[in-house]
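Remarks on the overall topology
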Amino acid sequence: MRQKNEAARRIFRILLLLAAFGPAFITARAMAAESNVLFSPPPEESIPQGGFGDLIRHGEKIFTRTAKYAGRYTGNRLSCESCHLDRGRKAYSAPLWGAYVLYPRYRKKNHKVNSLAERIQGCFRFSMNGSATPVDGRTIKSLIAYSFWMSRGAPVGVNLKGSRMVSLPKPEKAPDPLRGKKVYVARCALCHGLGGQGRVSRGEIAFPPVWGPGSYNKGAGFYKVAKLAGFIKMNMPLSKGTTLPDQMAWDVAAYIDSQPRPDKPAPK
Amino acid sequence: MRIAIVGPVLCSLLFSFVSIPLPARAESLMDWGKHIAEAGNGDPGNTACMECHRLKGGGMPSIGSPRIAGQTRQYIAREIREVQKGKRYGPVMAGVVENLSEHDIDAVALYYSRARTPKARETEPPSSARVALGKKIAHRGIWKKNIPACVQCHGVNGSGVPPLFPYIAGQNRTYLMRQLIAYAFLERKDDPQGLMRGIARRLSAGERKAVAEYFSSLNPPQANGR
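Bear in mind that the values here come from a model prediction, so they are computed numbers and not experimental data. (Residues numbered from 1 in each chain as written. Chains lettered and ligands numbered in written order. Predicted model: local features only at pLDDT ≥ 70, side-chain atom pairs only at ≥ 80, totals over all residues. Heavy atoms only, no water.)

Description of the environment of Arg140(B)
Inspection of the secondary structure assignment puts Arg140(B) in helix H7 (residues 128-140). A relative accessible area of 30% places Arg140(B) in the partly exposed class. With near-sequence residues (within four places) excluded, Arg140(B) lies in contact with Glu44(A), Glu60(A), Asp86(A), Arg87(A) and Ala149(B). Polar contacts involving the side chain of Arg140(B) include one to the side chain of Glu44(A), which spans 2.9 Å. (Helix = DSSP H or I, 4+ residues; strand = E, 2+ residues; numbered from the N terminus. Buried < 20%, exposed > 50% of the residue type's maximum accessible area, 1.4 Å probe, protein only. Contact = heavy atoms within 4.5 Å. Polar contact = N/O pair within 3.5 Å; in protein donor to acceptor, adjacent residues only side chain to side chain.)

Below you can see the structure in the form of structure tokens.
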């Protein structure tokens, strides 16, 4: 509680400062202050014992092996971790520690103030090409518990460095799927396959599909080239994030999103 | 005598039922591959693979010669070619595979990709502390240093992701250590996009030892039979 007040006071002070320097500074992005250091989420060993700890651990299992622990609500074999790397901990892949403190928030997509539960439902319906999990069910509760635990110690209402996906500056040349295909063949196909189908080890997905029937659908965040380009820039090729030039990230994103994938599901 | 004839006939009969029938040439490719493994390709000075990898591909932990049984055909062939080109670190292998033709490589790769054999016995028992650390790195990675979990690229428990990500589970420790060092110090340069060089370089000496001990403590995939 005290921590929250302190954070609020700090933000207030920053806002005052911004106001003093003139309204030009107060863009939509700057409304929430950006912190400068990367937040480090608590180590896994610190998940508490007991009922609440069990809920957190169950959330982690759903997150890393979604088809196994929440298969009723998924329409593909991706897991949450396919896009939110290192079990939802890695900066610049919309980590859970960044998410918890940002909700409830306004989203343009549906012109509503969304709760974290509703945001997670969104990833189930679009990114996982599945169906909305009940807001009060154990699946969502566990995921929220996992997210809450991971954000322990993070200041509230602040745009944490490394949270969400990255927005790259507009590219010099308009993103081009044809140039993107060359990047894909040279840098991505080794793992994701020439046909975008991904690769399997002993029946489990090792490298997830990036298009085709097993991929995210046309309602997903990654179906926006800008969002996908930011993710690719910071995270792909796996273990070589930030090595791809921006233009290539845009182009390969345009290529991936030009390929066939499941349609956007009809509104609820 | 009869068994000698009936055996292969039964085998090929079975084969034609359980899988796509192989072109006739493949059978002889298998035979030629086995011949190279057993006796070399006949060129003067060519050493039989079995001298170091054993006939069934189990390798020799005592000299750090790798297990190759059941690695994919593409991976085995690729590594031999990279040794020939000098990109793959291969101080021992270089002289041996120098005069293998494309056809020889195809044949011996096919043969060893189908070979099955139990794990060769390690020279020393592993340290449990190192195995525990290795296990953690293998399954969680060290993301602070941008190292993903090894199993993300080497498949479930290190059993490989066909065709080009080799299995490392059940591989011998000396060999694993040597490769990690060779990548880290940029002597082995055949890894696509430098993926393994980057990772091995970011591991500390102690961490390399830990992962080598962990993966060598596991059982290899397809150790016996199919």
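Having seen the structure, we can now continue with the description.
What about the domain arrangement of chain B?
Residue and element names in this part refer to chain B. When its domains are assigned, chain B resolves into domain 1 (23-114) and domain 2 (128-217). Its C-alpha centre places domain 1 at a distance of 23 Å from the equivalent point of domain 2. With 20 residues of domain 1 in contact, the opposing surface of domain 2 contributes 18 residues. When the buried area of domain 1 at its contact with domain 2 is split by residue, Tyr75, Arg78 and Tyr89 rank highest and sum to 33% of it. On the surface where domain 1 and domain 2 come into contact, there are 2 salt bridges. Across the pair glutamate 79 and arginine 188 runs a salt bridge, and its minimum N-O distance is 2.8 Å. Counting across the domain 1 and domain 2 interface gives 13 residue pairs in polar contact (both at pLDDT 80 or more). (Domains from an automatic or database assignment. Buried area = accessible area lost by both parts, 1.4 Å probe. Salt bridge = Lys/Arg side-chain N within 4 Å of Asp/Glu carboxyl O.)

Brief notes about the interface of chain B and chain A
Every contact between the two is made by 23 residues of chain B and, on the other side, 24 residues of chain A. Carbon and sulfur atoms supply 60% of the area buried between chain B and chain A, which totals about 1,900 Å² over both sides. Summed over the shared surface of chain B and chain A, the result is 2 salt bridges. Of the charged contacts in the structure, one is a salt bridge between Glu44(A) and Arg140(B), with a shortest N-O distance of 2.9 Å. The tally of links from chain B across to chain A stands at 9 residue pairs in polar contact (both at pLDDT 80 or more). If you list the elements that add at least two residues to the side of chain B that touches chain A, you get H7, helix H8 (150-154) and helix H10 (195-202) of chain B. The element contributing the most residues to the side of chain B that touches chain A is H10(B), with 3 residues. Of the residues in the side of chain B that touches chain A, the class split is 13 nonpolar, 7 polar and 3 charged. (Nonpolar A, V, L, I, M, F, W, Y, C, P; charged D, E, K, R; others polar.)

Comments concerning unusual backbone geometry
In terms of backbone geometry, most residues other than glycine have negative phi values and most peptide bonds are trans. Between Met236(A) and the following residue, Pro237(A), the backbone shows a cis peptide bond with an omega angle of -10°. Residue position: Pro237(A) is located in the loop between helix H10 (225-235) and helix H11 (246-257). Cis geometry marks the peptide bond from Pro162(B) to Pro163(B); its omega dihedral reads 0°. In this structure, Pro163(B) sits in the loop between H8 and helix H9 (173-184).

Regarding the domain arrangement of chain A
All names here are of chain A. Each assigned domain of chain A is listed here: domain 1 (44-150) and domain 2 (177-257). A separation of 22 Å is found between the C-alpha centroids of domain 1 and domain 2. A combined buried area of about 1,300 Å² lies between domain 1 and domain 2, and 53% of that area is made up of carbon and sulfur atoms. Put simply, domain 1 and domain 2 have 1 salt bridge between them. For glutamate 204, the salt bridge is made with arginine 65, and the minimal N-O distance between the two is 3.3 Å. Where domain 1 touches domain 2, the interface holds 8 residue pairs in polar contact (both at pLDDT 80 or more).

A closer look at the packing of helix H2 (residues 50-64) of chain A against helix H7 (residues 138-150) of chain A
All names here are of chain A. The interhelical angle for the contact between H2 and H7, taken along N-to-C directions, is 100°, at an axis separation of 7 Å. Classified by the interaxial angle, the pair formed by H2 and H7 is roughly perpendicular. In this structure, H2 contributes Phe52, Leu55, Ile56, His58, Gly59, Glu60, Ile62 and Phe63 to the contact, and H7 contributes Arg138, Thr139, Lys141, Ser142, Leu143, Ala145, Tyr146, Phe148 and Trp149. Residues that form the contact of H2 with H7 fall into these classes: 10 nonpolar, 4 polar and 3 charged. (Axes fitted to C-alpha atoms, helices over the stretch in contact; angles between N-to-C directions. Parallel < 35°, antiparallel > 145°, perpendicular 65-115°, else oblique.)

A closer look at the nonpolar core
Residues and elements named next belong to chain A. Counting residues in each nonpolar core, the largest one holds 39 residues, and the members touching the most others are Tyr184, Ile232 and Ile256. Elements represented by at least two residues in this core include exactly helix H8 (177-187), helix H9 (189-192), strand S4 (204-207), H10 and H11. Ranked by residues supplied to this core, first place goes to H11 with 6 residues. Other than its neighbours up to four places away in sequence, isoleucine 232 contacts Leu244, Ala249, Val252, Ala253 and Ile256. (Core = buried A, V, L, I, M, F, W, Y, C linked by side-chain atoms within 4.5 Å.)

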